[in-house]
Structures are given as structure tokens and as C-alpha cells.
Amino acid sequence: MLARISSFGLCGLEAYPVAIETDISQGLPNITVVGLPDNAVRESRERIRAAIKNSGFEFPAQRITINLAPADTKKQGPCYDLAIALGVLAAQGLLSPDALSPYAFVGELSLDGRIQPIQGALSIALAAASSNCRGLIVPFENAKEAALAGCPVFPARHLNEVVAFLMDPQTLSAVETNFEFLLKNASQSRLDFSEVKAQQYIKRGTEVAAAGGHNVILIGAPGSGKTMLAKRLPTILPDMTPAEILQTTQIHSVAGLLKNTDGIITQRPFRSPHHTASDVAIIGGGSGPRPGEVTLAHNGVLFLDEFLEFNRHVLEVLRQPLEDGHVTIARSKGSSRFPTRFMLIAAMNPCPCGWKDVAGKICRCSALQVERYRQKISGPLLDRIDIHLHALPLKTCELVDVPLEETSAAIKERTTRARRVQWQRFKGLPVLCNAHMESAHLRNCCALSKEAKEILVSSMEELKFSARAHDKILKVARTIADLAASECIKAEHIAEAVGYRSLDRME
């Protein structure tokens, strides 16, 4: 007898429908899985055999052929276990085809029949919601996450529960997720900008960066507060929109990093990979392309501490994600596109020992060592970083008996207000903040006063800025004007933006 079950597979961040056909015929007992299965799918033969037996059903001692269609797409992971097991039961006549046809099934099976959680449940639920699927049966642990897609989701803990549901749909209830309640009760970060003493210039620079989504490089001696500032940057970023929350949750679900019980990510991601990370770890890849750090930081912050200790090749592969907002991982069997709209925060020392030009400290690096150290970052990459800030070590008087600093909540209120202006400005366009503007947007959105034009022209000629640096200055100036609630970019806005490019020549 032939049975056909609906399921879904993953390719990058997207899910696609998979039809699982099971045929039982006379012959020597054997299970054959076809349709380009990987090792995890092939091993499902033993898992489903044990799960069916230990759930109280008889496993047929006949020839079983299982086809995963489309046959020309590689199938990966154990998410097909549940559907395959149900296909075997249906092919024996134990389940009605009419009961199976409205639903899709995903889940990994344990040997005792329990259904284990899978990766990418939200992507699968989004695909199911756009199809004619009446309901999606998922592992219990994935239910809240999958329910965000709006598709009817039925959670199950055991194979027997699914069989009982197919015989009597009243035995399982669809999960409902209160999106607004989850947002209202989201946990808040324990870090706060009020813990950062002095450093008013750096704080102002990071506020501008947060308001416009700009990339930042911090250069300064060890202990000057670079890491402390970077870790607190997410606390002054505006809250994510519902669309950003859904996309961020989807990315972390596919990566297997969705560990909270609510099945949703409401806080902007903060990723801080070690400087020994490979280019594949940063950009993504593998035989079945998986998202890298640049994608896991999408809608959030990618912090690269000890920036110049990263392999130069790793740094250079950041160019395209920074410029385009996405990265395409191409392999022989296909390609996957991952979003990479993140804020890059890079922190570096001025020299190998870290004490160059620091009062009271002796730098033991030769001029040649300093030059080789700084050559690890190329001009084109540095040109793609909007804001360059120099962090100075704090004086003793700034560490002792200092007044209470401004809180993250107060700064966040200003950055959110500036972002609202940008959201209104770019309404209907694929642009969310000033940092993402293209050349056409600059012409329409960056009106300069006469004095501002003069400052920009003289700065370009004197400092020999590139055309890209010109655009970056305009974008940052537009953000500064938004913080000041000014429709026109004035001289003081351009002057401040030019000041944030002082490290271009790395002098």
C-alpha cells in the first residue's frame, strides 16, 4: 500500500514542502530511503523502527521504500522522522489517508517514540502558513515559536499522541501566542550606560551610531572603556519592530540558538566572536549553508574586539555584507542568501602594546611594528565604517567621586525619536535607517545649508576623503540633524560628522 505524508525541509533560512511517499511491498525485510537523504535522514530507518515498536505498533517485516520528493533537492536533518513513521503506519492501513492529508508533520523521534525538538520550526511554520496546510504538528518544545507564524500549530510529545490526534482531532489543541504580551514581558538587559564614567565624546558618538544604525570603530589604549561601551550599545538601540522580531527569531531558530521558553527573541542580538574565528564562522557556510555571525547579528550588533588580531582575510570578507546588507553562500548544489543588516562595532589598540601616544605610558613598538599592525585593516574596509572614535584612558579624578551618568533609558528615548523620523522618511522603501541610504536617497533626504556645503567641500579637499567617505559623512550628518530635530543639515551637523572620520588615515 502507498501512503503520502506532507512535511517541510530547510534550505538556508527558508523552508520548502517535502512529500514523503511510503510504499510497503512483498520482499525481504528492508528499508530504503531515496530522494538525496543525508546521513541523519538515512539513520532515521533505525529510529523509526524502534519508535514504532516501542509505541505499541507492529513494524512490518516487508520491503519498505521511502521517497522524499522533490528528489533532486538534498534532504538534511532528523526533522522528517515523525512524518516517515506516520507514513509507515498509514501504508499498513492503520491510519486513514483522509485524516493525514490536511496536516504537515515535523519532528525527530527518540527510540521510545518521544518527539524531540528541531531547528527552524518558525521557518517551517511560515512556509506552512503560505501553503494550503490546515495545521502543522510540531514537537511540544517548538510550539510557541512556530505559532508566531499564524498557522494552526498542534504540539505533541509522543508518537502515540499524534496517532490519537489523527483518529480524534479533539485530543490536541492548537497553540495560541499573545505577541503583545510577550513583548510587554520581555526581559531587560542588566547593563546600563550610567555605569560608564566620563567619556562624553565617545558616548555622543555611540548615540549618533545607535540613532542612525551606523558602523563604529573604537581605537584606544587597554582599559579605556571600549569593550564596556560596546556591550552597552544594544541598551540604547530602539526596540525591534514586529517584523524584525520575527526575522531575528527565524534566524536563531534555524541556527539552533533559540533556547528561551517563550520561543521568541525580543532583544536586539549582540554577537561577539573571538578573534580566532574563521571566515566561515563569521560569514556562514558549510556543506549545507548555515548562517554565520554576520547573520546572527542581523538587526543587532556585531562586536569585534581586538579587531586587528583577526585574520586579515576574515576582516576582508566583511566588505560585501557591510555594503549590501546580505551575503550569498554558493555551493555546487545551490546557494543560500542570508540577511546581514547589523551594526559593526570594532575595537582596536593604537599599536601592538597598546600604549602609543598615551600620557604616562611607554610605547615599546617601533615605527615599523606600528605600521605593520595597522596595515592589517585595509583602506576599503576602514572606508565602510561610518564613525571613527578615539577612546582616551580615564584620569583618576574621573573614576572617583563622579556624578551619576545618564541612563540608557534616557539615551534610548532620543535614539528612538530619531529613528521614528527616519521610519517616516523612508516609509514604503526598503530602508530602515540613515545608514542604509543609497545615492538616490542622499540626494532627496540630505538637504545642506550653504555653510554646511562649504564645510563639506573644504573637508573633502583638505583631508582627501573618498567618494564613499563623502556619502558616509552625509549619512552621519543626517542622523545628527535628526537627533536635533532639524529638517536641514546645518554647518554644525556636518562639522561633527567630519570629526568622526578623523581616523581615516590612521595617523
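As shown above, the structure is provided for reference.
What counts and how
- Residues numbered from 1 in each chain as written.
- Predicted model: local features only at pLDDT ≥ 70, side-chain atom pairs only at ≥ 80, totals over all residues.
- Heavy atoms only, no water.
- Phe/Tyr/Trp six-rings, centres within 6.5 Å; stacked < 30°, edge-to-face > 60°.
- Helix = DSSP H or I, 4+ residues; strand = E, 2+ residues; numbered from the N terminus.
- Buried < 20%, exposed > 50% of the residue type's maximum accessible area, 1.4 Å probe, protein only.
- Expected span 1.5 Å × (residues − 1).
- Pairing = 2+ DSSP bridges.
- Axes fitted to C-alpha atoms, helices over the stretch in contact; angles between N-to-C directions.
- Parallel < 35°, antiparallel > 145°, perpendicular 65-115°, else oblique.
- Left-handed = near helix turned anticlockwise from the far one by under 90°.
- Contact = heavy atoms within 4.5 Å.
- Nonpolar A, V, L, I, M, F, W, Y, C, P; charged D, E, K, R; others polar.
- 1 Å grid on protein atoms, 1.4 Å probe; cavity = no way out; pocket = protein on both sides within 12 Å on 5 of 7 lines; lining within 4 Å.
- Points joined across faces, edges and corners; volume = space filled by probe spheres on them.
- Salt bridge = Lys/Arg side-chain N within 4 Å of Asp/Glu carboxyl O.

1. A word on the packing of aromatic side chains
Enumeration according to the criterion identifies five aromatic pairs in this entry. An angle of 40° between the planes, with centres 4.9 Å apart, marks the rings of Phe 154 and Phe 165 as tilted. Of this pair, Phe 154 sits in strand β9 (residues 153-156) while Phe 165 sits in helix α7 (residues 159-167), and the two are eleven residues apart along the sequence. Here Phe 154 matches Phe 165 in class, with each residue buried. Between Tyr 201 and Tyr 500, the ring centres sit 6.2 Å apart and the planes meet at 35°, which makes this aromatic pair tilted. In this pair, Tyr 201 is assigned in helix α9 (residues 200-212) and Tyr 500 in the segment after α23 (491-499), connecting sequence segments 299 residues apart. What makes Tyr 201 partly exposed here is its relative accessible area of 41%. Judged by relative accessible area, which is 2%, Tyr 500 ranks as buried. Among the aromatic side chains, those forming a connected cluster through ring pairs are Tyr 103, Phe 154 and Phe 165.

2. Looking at helix α11 (residues 242-254)
Taking 1.5 Å of rise per residue, the 13 residues of α11 would be expected to cover 18 Å, and the 18 Å separating its terminal C-alpha atoms lies within 8% of that figure. For α11, the set of buried residues is Glu 244, Ile 245, Thr 248, Thr 249, Gln 250, Ile 251, His 252, Ser 253 and Val 254. Gly 256, located one to two residues past α11, shows a positive phi value of around 75°.

3. Some points on the pairing of strand β18 (residues 387-391)
Burial of β18 is extensive: four of the five residues sit out of reach of the surface. Sheet topology note: the strand β10 (residues 216-220)/β18 ladder contains five bridges and is parallel. Bridge pairing in β18 places Gly 220 opposite Ala 391.

4. Observations regarding the packing of helix α19 (residues 408-425) against helix α22 (residues 467-483)
Two elements in contact, α19 and α22, have axes separated by 9 Å at closest approach and are oriented at 115°. As far as their axial angle goes, α22 and α19 are roughly perpendicular. Of the two elements, α19 crosses α22, and the hand of that crossing is right-handed. In this structure, α19 contributes Arg 414, Thr 415, Ala 418, Val 421, Gln 422 and Arg 425 to the contact, and α22 contributes Arg 478, Asp 482 and Leu 483. Grouping the amino acids of the contact of α19 with α22 by side-chain chemistry returns three nonpolar, two polar and four charged.

5. Points about the sheet that holds β10
Spatially, the five strands line up as an open sheet ordered β11-β14-β17-β10-β18, and their pairing is parallel. Strands with a single pairing partner mark the edges of an open sheet, and in this sheet they are β11 (270-271) and β18. By the bridge criterion, two bridges tie β11 to strand β14 (residues 301-304) in an arrangement that is parallel. Note that in β14 the partner of Arg 271 across the bridge is Leu 302.

6. Overview of empty space enclosed by the protein
Under the definition given, this model contains one cavity of 30 Å³ or more. Roughly 150 Å³ of volume is contained in the largest cavity. Along the walls of the largest cavity sit 13 residues, with Arg 268, Asn 299, Arg 341, Arg 419 and His 436 positioned nearest its centre. By residue class, the composition of the lining of the largest cavity is five nonpolar, four polar and four charged.

7. Focus on the pattern of salt bridges
A full pass over the atoms with the stated rule returns 20 salt bridges. In this structure, the salt-bridge partner of Arg 204 is Glu 496, at a minimum N-O distance of 2.9 Å. Linking Arg 204 in helix α9 with Glu 496 in helix α23, this pair joins segments that are 292 residues apart in sequence. When the shortest N-O distance is used, the salt bridge between Arg 501 and Asp 383 registers 3.2 Å. On the criterion of sequence distance, the pair formed by Arg 501 in the segment after α23 and Asp 383 in helix α17 (residues 379-383) is long-range, its members being 118 residues apart. Here Arg 501 falls in the buried class, since its relative accessible area comes to 1%. Taking the relative accessible area as the measure of exposure, Asp 383 reaches 12% and is therefore buried.

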